[in-house]
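Structural description and commentary
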Amino acid sequence: MSTAAPPSRKVPPAQIVVVILLSFVAIIPFTVRLQPFTYEQPSLHAKRQLLKPSVADPSSRKIKKEIETLEHDLESLEKEFTELTNEFSQVASTKASTNLQPKNKQRNKKKKEDIDFEKEFPNTNTEVKPDRFANFKEREPKKWWIRKDLFGDASQQTAISRRRNLLIYDEGKQPQQQDEDNGAIIPFDLSVNHLQLVDRAPGSPYTDLTVNEDFLPVVLQSDIAFRWRSRARPNSLTQDGLKTTAYQIIARHAYSDNEDDLLWDSGRVDVTDGLPDVVRYSDTNMQIGSVIEWKVTVWDSSQPDAKSSSSDWSKFAVGPSQSEWQGRWISHPVDLQSWDKTDASAFWSPTAGMKGTHDQRVACGNWEKRSQLPVFRTKLPTLDIADDDDIATALLVVSGLGSFRATFDGKPLSSSGPLDPPLTDFAQRVSYRGFDVTPYLSGDGAKSEHVVGISMGSGWWDHRPIAGSFIRLFFLPHGAVTCVAQLYLTYKSGKTEVVIPTGDESSGWQVAKGHLRESSLFTGEYIDLKSKADFHGWDTSQNWKELYSDASDEASIHAWVMPQRYTSDTTLEKWRHHLHVKAKAVPMKSKDEMKPLHKLSPIGRLIPHESPPVLPMERVYPDEILDLGGGRWMIDFGKSFSGMLRFDNGLPEPIVPSGGYPRGHDVNTLATDESFITVVYGERLELYTHDINLPLVAGMGLHDGGPRHRSKKKGDPETKGGPCYPKDHIEAGSLMQRDVYILPKTGDGKGSFSDARQSHFTTHAFRFAEICCSEEPPSDVSALAYRSSFKEWGDFSSSNVRINGGYELVKNAMNANLLGVQSDCPHREKIQYGGDIIADSPAAMHLYDMSAFYRKVVLDWADQQWDNGAYSGTSYWLMLNDQTGIGTGSGETVWASAPVVMTARHMQHYGDIDFLERTVDKHMKWLGFLHEHFDRGMLKKGYKEDLDGYWKSGSGLGDWLGFRQRDTWLTHQGFYMASARSVAYIAEKLGITGMKLDAALEISNEVKERIAGLYLKYNQGFLPPDSRGKFMSPAQEMGLFSRIVPGDRRCTVLRHYFTRIGHTWPGSAEMNFLEHIDKETKESMKASGEVTKRGKKDAMGWSQWHGFNEGIFAVRYALKTLSETGYHNVALDKANGFGVGTWEYMLSHNATTLWESWWRSEDLYSHNHPMLGAAAEWMVSAVAGLELEPTTTGGREVQFWPRFPNDASTLSYASATQGTRRGDFAIAWEFIDVHQDTTTLHIRAYVPPDGKAVLRLPEHRNGEGVDSILKKALVLPDIEEAKLMSDDVCASRRKSKLHGFGYNWEFDRSTMLWMKFNRNKSIGTPCRHFLFHSHLDKAEWDHPITEPGTSENGIEVILTPGLYDVVVDDWKLEPEVKSTGKEWRIGDRKEYYMSEDLGPYCSDSDSFDWNIDDASHLI
């Protein structure tokens, strides 16, 4: 997310940055009757009497110019709404009360615009009035969905009979032999502690590798948990694969020749409920340092004797805990000596321009002394191995701060590196990797010389100290670049030995300054190709050199010297205390507490990698290479991602362009005898010049938008950046994503641009890359796309190109932002925001196996938690948006609720009860904090008791970043409720009863009733009590989805929802666009409704019902609510919309990743931002019809509920696959033989072994049922083969670029006009699902069952594992209701709110109240 202020222009209130505290209003106080948990709560009632509302932060007035026009927009919106709804409303003339309690009348004088607005549009809610829809008689509440078991005993008997007929005999042949490994269930995807072995990353550039894996899971001896998933054996009987009836796990030393020499054999363990969530190992036979192979055998459900199948062998290692490490952190002496005590907090104070303060200049000078990155190495000692013994396994364990890459005899041990270890609070915990180096040391290898090498990057640990950065890196712990390592040798005799521990002089470790002059996660690397040549083979025994004696000799900066131990001069407790004080989580007692004074931060405990490492998951090849002239080459890779360029054949020789270096490519900090080539990365092109657009990097300045659209004057970013702002970025006017390859011109002939390969310790977010300057472009150039290497297990497709395109925008943005942490954007901030994670996690958990990743996310917040129980809004506190929270160290309530909400979602998806036990106390402490501080914190924020005067965004981030004002009171309260619900959910799953569970439930109900009481007070249909607040977001969609609205009001609130309208949009990019299109194009856009009038000017309109206006939460609430209440066609209309505020709009402007805003932003907002991506989960759950059953745990049960369009022209087929801890579920549906008003509806669904499902049979929106013909496959075809064949067909369709989104808006510089061009693209390409592949048409089906339709109830059918086919003949189609009038696109949906019957779904009693087992509707 971004909370930076937009450039000066006319914008609606929703676009303004949260730190502009427009108004403060007070909250309902309620007397807390509970004393939950074990925390003593003071009397809040007594304290409230002493509190007075505070005024807005004076800093908000610094951007007065940016909000001068805001209320005019809202005034216009109010006028338009009044005109459209005057049949229901009468404007009363009452005086509105102010919502501010100013301490200083002059400084807080009410704006004239507010006064004028309140005079013309006073609050009309002064008394309770009859609901405008009271005359409509809604359906009586009832449980709508009735569950049936259609495939019970009869189907089972048929299957048994069929088994007798075709099991063993072929005609005229002898009976087939039954193998021991031919069971109907095959275990696969083996994991240990949620971590899977990664053999080779798909995008790895390395081919000469002795070690066979890119990631080896490492676990502690005391914490080993085995898991696996299930899939069906091809051509097996469906009935045999219902569930696992028993399992057996065996484990042995890797490379063991004796399969009977086992470290553990669980024996056959019978299970009654199928695949277990986890199997824990509690013995001690698996020694620390061991590399272990394991596999699992499972028995199926066949009768009378279950048959077994075994998995392939997998591998993991047992690593040391903190106390078992012999190695110590080591650093280069120069790096350790280049710190002053003031460096720790030099940038905690504002800068004084580029010059900075004295302490900042000192800190910068110190950093420049150590900016060149070190490399470490050691040679293995001669191993004394007995004649009758040998090495069984060898495990190298390594970590490094900032980032590291390990080699063995010059060969990389993994293709990871840019973010290894991933970001954690390094003062509390640091991840280490384990590498199986047994192949190097087995047999004769034990007698050879071997060298271990570790090369380093700065990472998050010793970044360039830039002030003014939005992400405030200076609050992270930092110190000298450092590493730690040791090698475990396990012998066949059982002996274990630790060799070469760092920090032990006898280990022979050396360190030198290598070929990286600078490495930054944000800006890139400076790569010295001569030093690279000098260091060729540095990590091999052939190029071993002895130590130099003088490490300070500048002439020998690359000399190998003895490293020194890293020793912090402070403690974790002191460091955390300073953060507590700075965050106001504890009161400051003395000035000494304001800033830490130390040189080197403490380093936390070493732990094995908790989540899969960041690896190259794709090799991306250029779509096009363009000659821009002057030696500058533009490469278009066709989509945006995170990574870097790879030059397999190196770079060509550079040239100096005759006209001077293009913008961004001059490097004026190099010596005159040094030649260079630059690679500048960008996510898009500047609209007018078509040069690469420099994105906002590290929160510095703004996107520059190119020379014609610079939003800040040149010099602004570097002025705020202080003395360490990179001098060679100043001319560009922005921090850049750039790698620089440098070659000094020396006489020794060493080094060549042909030696260039790639940067290593940085990732760039880009689609385009400019290389400058050379006569020819590089040959064999590609890009490596990095992300965390978890398994991708979800997919979606449909016949609708726009909806598919939206799905791909989300997926591509997710891929670019999941690099060790779930970041908001991969270039500007790269950090974890709680709100973004809550919003996007349903989509992420659909796409990927996030079990290990999200466990780490929650543990990151657990480390951050303040002593008073407060969570911050980011996983590491960086003083971001603290002013939007309730104070006392808490982040904004929504953002700070991420860890507890994510823990509940984790349980629903992955069933990890141990994780709940590990975190429950943290979450109860958070709820205890809210219980004590929430009400008084909201009071301090100025929310009034009755919300009088509350009609525009208050203090909070809320439903960031939509077109509307944000209802921050509602989101604060809603996520307080969600925190209490989540704690109750967790407690119930752990079997915690009594006061703790009751207190959490009581708090959640109190808050729910508080919200409903105020938002239904004046029969406004779930809106703020002040009538002028009816335009804010979220609104009814949140109340309905989250089960806040009482059951007897749900249908009425739904009617009110349909009265919402859109408005026009005054964004500078859109207004500029309309000034530069020809008359014919504009008239066409007016005719379509895309362009309308804003006063006297033409303007684009954003729509409530034909596009998106919602922020990151309401976008999901809106789509899910519409589909769940019978208005799926309206949800589809939103998703299939065109114009500003739609996926079509982004795609038509050449987007390949989701934008941060629904509008075009050429200066501030990111174009690679998954924040608004929650809709991807709706596509799977509603468009295709596959989602987890709300009360399931461990992904055991799914709900198939496909919903269908009224008109086949909108959508004619859809499909999805959803991985879970059980296996892969799938669904696909299609219309066949479409006629004007009827078609045949065909559905197929697949449930894997050990899975459960219910299928809600098709019915029309009004609840009218239809006859469905269902059948189940008796014998399963080869599902995996069908997947492969379907994937091949899809890949071919995508490669052709003939079926995707087909046009772009492009600016023609010759005419200075925007033109729409047809363009072939792959994005949005419809692909047919494997369930409809002809390979599955050969399945043998049981006798069909006809289930008659009914209008009395909906029917959901229980599905056990297997393949199902459903046909509905004569499915009715109807044309979509088209609104009329020139303002149709931004109007309401009168045809629905005036409908006599809203259908049965809003009256479904199952949707009235939140169920404690329901993790889907927590919030």
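Residues numbered from 1 in each chain as written. Predicted model: local features only at pLDDT ≥ 70, side-chain atom pairs only at ≥ 80, totals over all residues. Heavy atoms only, no water.

Quick look at the sheet that holds strand E42 (residues 1252–1256)
With mixed pairing, the five strands of this open sheet are ordered in space as E1-E48-E42-E38-E37. The sheet terminates laterally at strand E1 (145–148) and strand E37 (1186–1188), the two strands that pair on one side only. Taken pair by pair, the neighbouring strands of this sheet meet at an average axis angle of 25°, ignoring direction. Two elements, E37 and strand E38 (residues 1197–1200), share three bridges in a ladder whose sense is antiparallel. Within E38, the residue paired with Leu1186 across the bridge is Phe1200. (Pairing = 2+ DSSP bridges. Helix = DSSP H or I, 4+ residues; strand = E, 2+ residues; numbered from the N terminus. Axes fitted to C-alpha atoms, helices over the stretch in contact; angles between N-to-C directions.)

Notes on the pattern of salt bridges
For the structure shown, the criterion picks out 76 salt bridges. Between Lys341 and Asp569 there is a salt bridge, with its nearest N and O atoms 3.2 Å apart. In this pair, Lys341 is assigned in the loop between helix H5 (333–337) and helix H6 (358–370) and Asp569 in the loop between strand E24 (564–565) and helix H9 (572–582), connecting sequence segments 228 residues apart. By relative accessible area, Asp569 is classed as partly exposed at 33%. The residue Arg1244 makes a salt bridge to Asp1365 at a minimum N-O spacing of 2.9 Å. You can see Arg1244 sitting in strand E41 (residues 1238–1247) and its partner Asp1365 sitting in strand E49 (residues 1362–1372), a full 121 residues away along the chain. Using a relative accessible area of 5% as the deciding quantity, one classes Asp1365 as buried. (Salt bridge = Lys/Arg side-chain N within 4 Å of Asp/Glu carboxyl O. Buried < 20%, exposed > 50% of the residue type's maximum accessible area, 1.4 Å probe, protein only.)

Side note on the sheet that holds strand E16 (residues 411–412)
Reading across from one edge, E16-E15-E18-E13-E21 is the order of the five strands in this open sheet, with antiparallel pairing throughout. The open sheet is flanked by E16 and strand E21 (510–513), the only strands paired with a single partner. Looking at chain direction, strand E15 (residues 403–408) and E16 are connected through two bridges and run antiparallel. Bridge pairing in E16 places Thr407 opposite Pro412.

Some points on the packing of helix H16 (residues 913–940) against helix H17 (residues 968–989)
Between H16 and H17, the least distance of the axes is 9 Å, while the angle of their chain directions is 145°. In this structure, H16 crosses over H17, and the sense of that crossing is left-handed. Counting all contacts with H16, which are made through Ile913, Leu916, Val920, His923, Met924, Trp926, Leu927, Leu930, His931, Phe934 and Met938, the residues of H17 involved are Trp969, His972, Gln973, Tyr976, Ser979, Ala980, Val983, Ile986, Ala987 and Lys989. Residues of the contact of H16 with H17, tallied by class, amount to 15 nonpolar, five polar and one charged. (Left-handed = near helix turned anticlockwise from the far one by under 90°. Contact = heavy atoms within 4.5 Å. Nonpolar A, V, L, I, M, F, W, Y, C, P; charged D, E, K, R; others polar.)

Some thoughts on the side chain of Asp436
Examined against the element boundaries, Asp436 turns out to sit in strand E17 (residues 429–436). For Asp436, a relative accessible area of 1% gives the class buried. Side-chain polar atoms of Asp436 contact the side chain of Lys315, separated by 2.8 Å. Here Thr438 takes part through its side chain, which lies 2.6 Å from a polar atom of the side chain of Asp436. (Polar contact = N/O pair within 3.5 Å; in protein donor to acceptor, adjacent residues only side chain to side chain.)

A few points about the state of the cysteines
With the rule as written, the count across this model stands at four disulfides. With its sulfur 1.7 Å from that of its partner, Cys772 forms a disulfide with Cys773. With relative accessibility at 0%, the residue Cys772 sits in the buried group. Its relative accessible area of 0% is what places Cys773 among the buried residues. The partner cysteine of Cys1290 in its disulfide is Cys1327, sulfur to sulfur 1.9 Å. Classification of the bridge connecting Cys1290 and Cys1327 rests on its S-S torsion, roughly 75°, and on that basis the disulfide is right-handed. (Disulfide = S-S within 2.5 Å.)

A word on a negative patch on the surface
Judged by side-chain charge, Asp795, Glu1281, Asp1287 and Asp1288 come together as a negatively charged surface patch. A per-element tally of the negative patch places helix H27 (residues 1279–1296) first, with three residues. Within the element layout of this structure, Asp795 appears in strand E33 (residues 794–798). (Patch = residues over 30% accessible without salt bridge, like charges linked within 9 Å, V, L, I, M, F, W, Y side chains within 5 Å. Areas by Shrake-Rupley, 256 points an atom, 1.4 Å probe, with all protein chains shown as cover. Lys, Arg positive; Asp, Glu negative; His and termini not counted. Charge placed at Lys NZ, Arg CZ, Asp CG, Glu CD.)

A closer look at the environment of Leu1336
Mapped onto the secondary structure, Leu1336 falls in the loop between strand E45 (1313–1318) and strand E46 (1340–1341). For Leu1336 and Ala1273, which are 63 residues apart along the polypeptide, the C-alpha to C-alpha distance reads 9.9 Å. For Leu1336, the residues in contact, after removing those within four places along its chain, are Arg1244, Pro1277, Asp1278, Ile1279, Ala1282, Phe1330, Leu1331 and Trp1341.

Geometry only, nothing functional implied.
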